[in-house]
2 protein chains.
Amino acid sequence: MTDSPKKNVLVIGGGAVGAIAALNLEQGGLAAVTVVLRSNYHVVNEFGYDIESCDHGVLKGWKPTHVRAEVPDITKESLKPYDYIICTTKNIPDIPPSLSSLLSPALPYENTTAVLVLIQNGLNIEKPLQDAFPTTPILSGVSLIGSAEIRPGKIIQDDHDRLLVGPFQNRSLASVLQIEASLDFVKIYKAGGKTNCTYSPDVEHDRWRKLVYNACLNPICAITGLDTGRIRLADGGIEGLVRPAMEEIVAAAKQKGVLLAPDVVDVMIGIDPLEIYLSPSMLADVRKNNFIEFENLLGEPLREGKALGVPMPTLEVLYNICKTIQWRTKEARNMVEIPPKKSVVKS
Amino acid sequence: MTDSPKKNVLVIGGGAVGAIAALNLEQGGLAAVTVVLRSNYHVVNEFGYDIESCDHGVLKGWKPTHVRAEVPDITKESLKPYDYIICTTKNIPDIPPSLSSLLSPALPYENTTAVLVLIQNGLNIEKPLQDAFPTTPILSGVSLIGSAEIRPGKIIQDDHDRLLVGPFQNRSLASVLQIEASLDFVKIYKAGGKTNCTYSPDVEHDRWRKLVYNACLNPICAITGLDTGRIRLADGGIEGLVRPAMEEIVAAAKQKGVLLAPDVVDVMIGIDPLEIYLSPSMLADVRKNNFIEFENLLGEPLREGKALGVPMPTLEVLYNICKTIQWRTKEARNMVEIPPKKSVVKS
């Protein structure tokens, strides 16, 4: 077997973001991609993806090089080690299994050259992975794509893929190694010429900036049941909830030394055109009775801000409501036990 | 026509609270009651109420003296003026019609002897009625009944009727007149011997005490979708939401000069036995897509507390979420117009 010039890439999570990432990488010609799927595995394995994309046009039955129902155990299967392992799943650290245990079969201790890329939202998502894989460079991917899987295997990408890639802080690794890994990943990701993927050295800034949306609009839409158009029309939506929440994130970022642009709050309030009535991820998840990704999107910035003495009363309430919503989903899935209902005693 | 010794009583709202009030009054023998019904009018008019009551036992097909589908226009119909007009409807001042316009046909200017009794929750509910009927004594009824209308006309009362009655502050009326009206109402209400109806001079105290429940647990259950049992079991429910909210109400009451018992927060957290998994009124209303009674239960104490300089960050967020929920119901009922959805422009 001769060495392919292509990088061997594993994408964990083949939903709206992962499918477009895999497509980008394959179309650039510098990567052979294995995608690990769950709920849409059978559809995609049999028929491929149907993709309508503002970047790539219409593709019927498109398949990456390999499709998998589980993260491959490369030692057991004697597979070639992956050069890049990209995670596009949601981060729900409060619900097992952990991402590090999920991906460990693909990243054995002997693989010292792999690079992890987290195209995921929120703060401190790299921490448990740095603990589990201390010698692996871990890159941050902040994606500004507009993409949705409207049914299993059917992806509509209606806003361009703009991906900011840079290394997460890791003092135990040489920073040049991490920068090189980032630049190499950007090269293979943008090789197809259709996406805006850039190296961004300031991962903290990119992540806090996106939190202005994701720690605020996202849970507020989930809690109120209103999409990003309706929350702008509803009494109390923006001035009562979204703006105060966003200003708390801006203040926490500032206290962390991350200065966001002065207009970031208004930019984020208006970032989705009103008339598309977009349902952010947490609202979509609540509607499907899925778990919500609130710990890294809302819990972590709240804890960081509070630890630095920033008052965050709005986010505190939103966070605790999210906790109760997560519990509600746990109950619906029989993951918590509750005392049986007593019939009312007539007295 | 000879004068009946019975008081002529109008009850507006014949749901769970109004039906038991009407029953109490009729069974005492000192009142002839007309009940104004809406959604359950046809059922009750034809078949009467089916009542299972811990105070009154089981009654099949019980009817008050008169049943009405609308508030009677006593001038047009030449009816005898009412001595007491009891309102047991919800107060939703943000949604027309107002209670004062609703009841005005039964309380013309010429009727100078009628007394209004508001068996309703929340703060400042008397204000618009005092403006509309400046010479009418208005009494506060704080009810601690446990009663539900499980289907139209079918009432289950599973907790005793305890009613605190006293006059709302009104400096333009002689206080002796209002106290006498209160004592007389208590007399006719408790004449049947089966209820605990007492005169309570401190209406402000009674109302703020009940707000500890109604401004906090009630909206929190509505927002989280959890009943009063589950909110106690859910992560973040009590310590993250209910207790901080209740403590804000206690602080606002204190600033108003109303000292609540030191254990009031714990009493209210535990007032519904966990295992009955009780859905408070706002949660029940959200589930039925009804409007929620949040302005007098939550908005008014919030505004009063804030005006006195009490920090109320938890209630502020809960209030604004309630506002968006009310807007959502308005949208569902076509009471607001929103711009049409645009199909996404492929670019």
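Residues numbered from 1 in each chain as written. Chains lettered and ligands numbered in written order. Predicted model: local features only at pLDDT ≥ 70, side-chain atom pairs only at ≥ 80, totals over all residues. Heavy atoms only, no water.

Remarks on the overall build of chain A
Thinking step 1. Scanning chain A from terminus to terminus reveals 12 helices and 12 strands.
Thinking step 2. Overall, the C-alpha framework of chain A stretches about 80 × 50 × 40 Å when taken along its three principal axes.
Thinking step 3. Expressed as a percentage of contacts within chain A between residues at least 6 apart in sequence, the contacts between residues at least 24 apart total 70%.
Thinking step 4. Only carbon and sulfur atoms are counted for the fraction: they give 53% of the accessible area of chain A, which is about 15000 Å².
Thinking step 5. Taking the average location of the 36 positive side-chain charges in chain A and that of its 40 negative ones, the two points are 4 Å from each other. (Helix = DSSP H or I, 4+ residues; strand = E, 2+ residues; numbered from the N terminus. Contact = heavy atoms within 4.5 Å. Areas by Shrake-Rupley, 256 points an atom, 1.4 Å probe, with all protein chains shown as cover. Lys, Arg positive; Asp, Glu negative; His and termini not counted. Charge placed at Lys NZ, Arg CZ, Asp CG, Glu CD.)

A closer look at the sheet that holds strand β3 (residues 49-53) of chain A
Residue and element names in this part refer to chain A.
Thinking step 1. The strand order β4-β3-β10-β9 describes an open sheet built from 4 strands, whose pairing is mixed. Of all strands in the sheet, those bounded by a partner on one side alone are β4 (57-62) and β9 (146-151). Taking each pair of neighbouring strands and ignoring which way they run, the sheet shows an average axis angle of 15 degrees.
Thinking step 2. Sheet topology places β3 next to β4; 4 bridges connect them, and they run antiparallel. Opposite Ser-53, over in β4, you have Gly-57 as the bridge partner. (Pairing = 2+ DSSP bridges. Axes fitted to C-alpha atoms, helices over the stretch in contact; angles between N-to-C directions.)

Quick look at the UniProt feature "domain: Ketopantoate reductase N-terminal" (unreviewed entry) in chain A
Thinking step 1. Feature annotation in UniProt assigns "domain: Ketopantoate reductase N-terminal" (unreviewed entry) to the following positions: residues 9-169 of chain A.
Thinking step 2. Helix makes up 19% of residues 9-169 of chain A and strand 35%, whereas the separation of the span's terminal C-alpha atoms amounts to 23 Å. (UniProt positions renumbered as here; feature names shortened; annotations may be inferred.)

Some points on the relation of the copies chain A and chain B
Thinking step 1. Mapping chain A onto chain B leaves a residual RMSD of 0.0 Å; the transformation is a rotation of 180 degrees accompanied by 0.0 Å of translation along its axis. Both copies are brought into coincidence by an operation consistent with a two-fold rotation axis. Closest approach to the rotation axis within chain A is made by the C-alpha atom of Pro-313 of chain A, at a distance of 2.9 Å.
Thinking step 2. Of the interface residues in chain A, 100% have counterparts in chain B that sit at the interface too, so the contact is made through matching surfaces. (Least-squares fit on C-alpha atoms with pLDDT ≥ 70 in both.)

Digging into the sheet that holds strand β11 (residues 162-167) of chain B
All names here are of chain B.
Thinking step 1. Strand order in the open sheet formed by 8 strands is β5-β2-β1-β6-β7-β8-β11-β12, with mixed pairing between adjacent strands. Looking along the sheet, the strands with just one partner apiece sit at the ends: β5 (66-68) and β12 (196-199). Strand-to-strand twist across the sheet, computed as the mean angle between neighbouring axes with direction ignored, equals 20 degrees.
Thinking step 2. Pairing of strand β8 (residues 138-143) with β11, which is carried by 5 bridges, proceeds in the antiparallel orientation. Bridge assignment links Val-142 to a residue of β11, and that residue is Leu-164.
Thinking step 3. Together, β1 (7-12), β2 (31-36), β6 (84-87) and β7 (115-119) form the strand contacts of helix α1 (residues 16-28), whose direction differs from that of β2 by roughly 160 degrees.

Description of helix α6 (residues 203-224) of chain A
All names here are of chain A.
Thinking step 1. Here α6 spans 31 Å end to end across 22 residues, near enough to the 32 Å set by a 1.5 Å rise per residue.
Thinking step 2. At Leu-211, α6 is deflected by roughly 35 degrees, the largest bend along its length.
Thinking step 3. By the criterion of burial, α6 is predominantly enclosed, with 19 of the 22 residues buried.
Thinking step 4. Remark: Gly-225 follows α6 within two positions and exhibits a positive phi of approximately 75 degrees. (Expected span 1.5 Å × (residues − 1). Bend = angle between axes of the 7 residues up to and from the residue. Buried < 20%, exposed > 50% of the residue type's maximum accessible area, 1.4 Å probe, protein only.)

Looking at unusual backbone geometry
Residues and elements named next belong to chain A.
Thinking step 1. For the peptide bond that leads from Pro-96 to Pro-97, omega is 0 degrees, which places it in the cis range.
Thinking step 2. Tracing the sequence through the fold places Pro-97 in the loop between β6 (84-87) and α3 (99-103).
Thinking step 3. Phi angles above zero are rare outside glycine, and Asn-334 is one such case at about 55 degrees.
Thinking step 4. Inspection of the secondary structure puts Asn-334 in the segment after α12 (313-332).
Thinking step 5. Classification of Asn-334 as exposed rests on a relative accessible area of 69%.

So, the interface of chain A and chain B
Thinking step 1. Facing the 42 residues of chain A at the interface are 42 residues of chain B.
Thinking step 2. Where chain A touches chain B, the interface holds 4 salt bridges.
Thinking step 3. We note a salt bridge from Glu-331 of chain B to Arg-230 of chain A, for which the minimum N-O separation is 2.8 Å.
Thinking step 4. At the surface where chain A touches chain B, the tally comes to 10 residue pairs in polar contact (both at pLDDT 80 or more).
Thinking step 5. Contributing elements (two or more residues each) for the side of chain A that touches chain B: α6, α7 (230-233), α8 (238-255) and α12 of chain A.
Thinking step 6. In terms of residue count, α12 of chain A provides more of the side of chain A that touches chain B than any other element does, 12 residues in total.
Thinking step 7. Residue composition of the side of chain A that touches chain B, by class: 20 nonpolar, 10 polar and 12 charged. (Salt bridge = Lys/Arg side-chain N within 4 Å of Asp/Glu carboxyl O. Polar contact = N/O pair within 3.5 Å; in protein donor to acceptor, adjacent residues only side chain to side chain. Nonpolar A, V, L, I, M, F, W, Y, C, P; charged D, E, K, R; others polar.)

Looking at the environment of Gly-192 of chain B
All names here are of chain B.
Thinking step 1. By the secondary structure assignment, Gly-192 is in the loop between α5 (175-190) and β12.
Thinking step 2. The exposure class assigned to Gly-192 is partly exposed, which follows from its relative accessible area of 35%.
Thinking step 3. In sequence terms Gly-192 and Ile-338 are 146 residues apart; their C-alpha atoms lie 53 Å from each other.
Thinking step 4. In contact with Gly-192, other than residues within four places in its own chain, are Gln-27 and Gly-28.

Here's the deal with the side chain of Ser-53 of chain B
Residue and element names in this part refer to chain B.
Thinking step 1. Relative to the elements of secondary structure, Ser-53 occurs in strand β3 (residues 49-53).
Thinking step 2. A distance of 3.0 Å separates a polar atom in the side chain of Ser-53 from the backbone nitrogen of Asp-55.
Thinking step 3. At a separation of 2.7 Å, a polar atom in the side chain of Ser-53 contacts the side chain of Gln-157.

Quick word on the pairing of strand β12 (residues 196-199) of chain A
Residue and element names in this part refer to chain A.
Thinking step 1. Direction of pairing for strand β11 (residues 162-167) relative to β12: parallel, over a ladder of 4 bridges. From the neighbouring strand, Leu-163 faces β12, where its bridge partner is Cys-197.
Thinking step 2. Between β11 and its parallel partner β12, the chain crosses via helix α5 (residues 175-190), and the hand of that crossover is right-handed. (Right-handed = clockwise from strand over helix to strand, strands pointing away.)

Points about the packing of aromatic side chains
Residue and element names in this part refer to chain A.
Thinking step 1. A full pass over the atoms with the stated rule returns 8 aromatic pairs over all chains.
Thinking step 2. Note on Phe-294 and Tyr-319: the rings are 5.6 Å apart at their centroids and 40 degrees apart in plane angle, and the pair reads as tilted. Of the two residues, Phe-294 sits in helix α11 (residues 294-307) while Tyr-319 sits in helix α12, which places them 25 residues apart along the sequence.
Thinking step 3. The exposure class assigned to Phe-294 is buried, which follows from its relative accessible area of 2%.
Thinking step 4. Ring-pair connections join several aromatic residues into one group, and the members of that group are Tyr-84, Phe-185 and Tyr-189.
Thinking step 5. One Lys or Arg, Arg-230, reaches over the ring of Tyr-277 and ends 4.8 Å from the middle of that ring. (Phe/Tyr/Trp six-rings, centres within 6.5 Å; stacked < 30°, edge-to-face > 60°. Lys NZ or Arg CZ within 6 Å of the ring centre and 35° of its normal.)

Remarks on the domain arrangement of chain A
Residue and element names in this part refer to chain A.
Thinking step 1. For chain A, the assigned domains read domain 1 (7-201) and domain 2 (204-332).
Thinking step 2. If you look at the interface, domain 1 gives 21 residues, while domain 2 gives 20 residues.
Thinking step 3. Roughly 1800 Å² of surface becomes buried between domain 1 and domain 2 when both sides are summed, with 52% attributable to carbon and sulfur atoms.
Thinking step 4. Broken down residue by residue, the surface that domain 1 buries against domain 2 is led by Lys-90, Asn-121 and Leu-123, which jointly contribute 34%.
Thinking step 5. When the shortest N-O distance is used, the salt bridge between Asp-285 and Lys-90 registers 3.0 Å.
Thinking step 6. Counting across the domain 1 and domain 2 interface gives 14 residue pairs in polar contact (both at pLDDT 80 or more).
Thinking step 7. The element best represented in the side of domain 1 that touches domain 2 is strand β8 (residues 138-143), accounting for 4 residues.
Thinking step 8. Of the residues assigned to the side of domain 1 that touches domain 2, the class counts are 10 nonpolar, 9 polar and 2 charged. (Domains from an automatic or database assignment. Buried area = accessible area lost by both parts, 1.4 Å probe.)

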